[in-house]
Amino acid sequence: MALFGRTRKRLIVALEFPNPSRSYDAARHRVCFWGYDNSREITFQVDDAIIRNLQAGTGTDERSLLGAFDECRERLLEIARKQYVAGPQNRYSIS
């Protein structure tokens, strides 16, 4: 039976960041963190240059970059949410 005159509701998928874990990849000069779209894990990698731009005076060592990431976390998560598109891709680079 077809229903005419009704619109289908679109399911909005929300990217969540329940896990505050992050790690520094010194070889690639990136901080990695993870989000979840339902049960799918999505990896995000942010270049350390982006973090240093957001937090002036940040050093280049792991401790400084992770500390700056923590200070700018909400801004970086917002960038990640805007970049994310539901689909098969499970890795994003913020550069």
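Our structure is the block above this text.
Residues numbered from 1 in each chain as written. Predicted model: local features only at pLDDT ≥ 70, side-chain atom pairs only at ≥ 80, totals over all residues. Heavy atoms only, no water.

Caption draft 1: Region of the structure containing the overall build of the protein. Scanning the protein from N- to C-terminus turns up 3 helices and 4 strands. Starting at the N terminus, the α and β elements of the protein follow one another as β-β-β-α-α-α-β. Residues classed as buried in the protein amount to 32% of the 95 residues present. The long-range fraction of contacts in the protein, counting pairs at least 24 apart against all pairs at least 6 apart in sequence, stands at 44%. Looking at the protein as shown, the accessible area adds up to about 6800 Å², and 49% of this sits on carbon and sulfur atoms. (Helix = DSSP H or I, 4+ residues; strand = E, 2+ residues; numbered from the N terminus. Buried < 20%, exposed > 50% of the residue type's maximum accessible area, 1.4 Å probe, protein only. Contact = heavy atoms within 4.5 Å. Areas by Shrake-Rupley, 256 points an atom, 1.4 Å probe, with all protein chains shown as cover.)

Caption draft 2: A look at the packing of aromatic side chains. Summed over the entire model, instances satisfying the criterion amount to 6 aromatic pairs. Ring geometry for F17 versus F44: centroids 5.8 Å apart, planes at 50 degrees, classification tilted. Linking F17 in the segment before β1 (22-25) with F44 in strand β3 (residues 40-47), this pair joins segments that are 27 residues apart in sequence. Judged by its relative accessible area of 12%, F17 is buried. Taking 5.4 Å as the distance between ring centres and 15 degrees as the angle between the ring planes, the aromatic pair formed by F33 and F44 counts as stacked. Of this pair, F33 sits in strand β2 (residues 30-37) while F44 sits in strand β3, and the two are 11 residues apart along the sequence. The same class applies to F33 and to F44, which are both buried. Taken together through their ring pairs, the aromatic side chains of F17, F33, F44, F69, Y84 and Y92 make up a single cluster. (Phe/Tyr/Trp six-rings, centres within 6.5 Å; stacked < 30°, edge-to-face > 60°.)

Coordinates in, geometry out; function isn't part of it.
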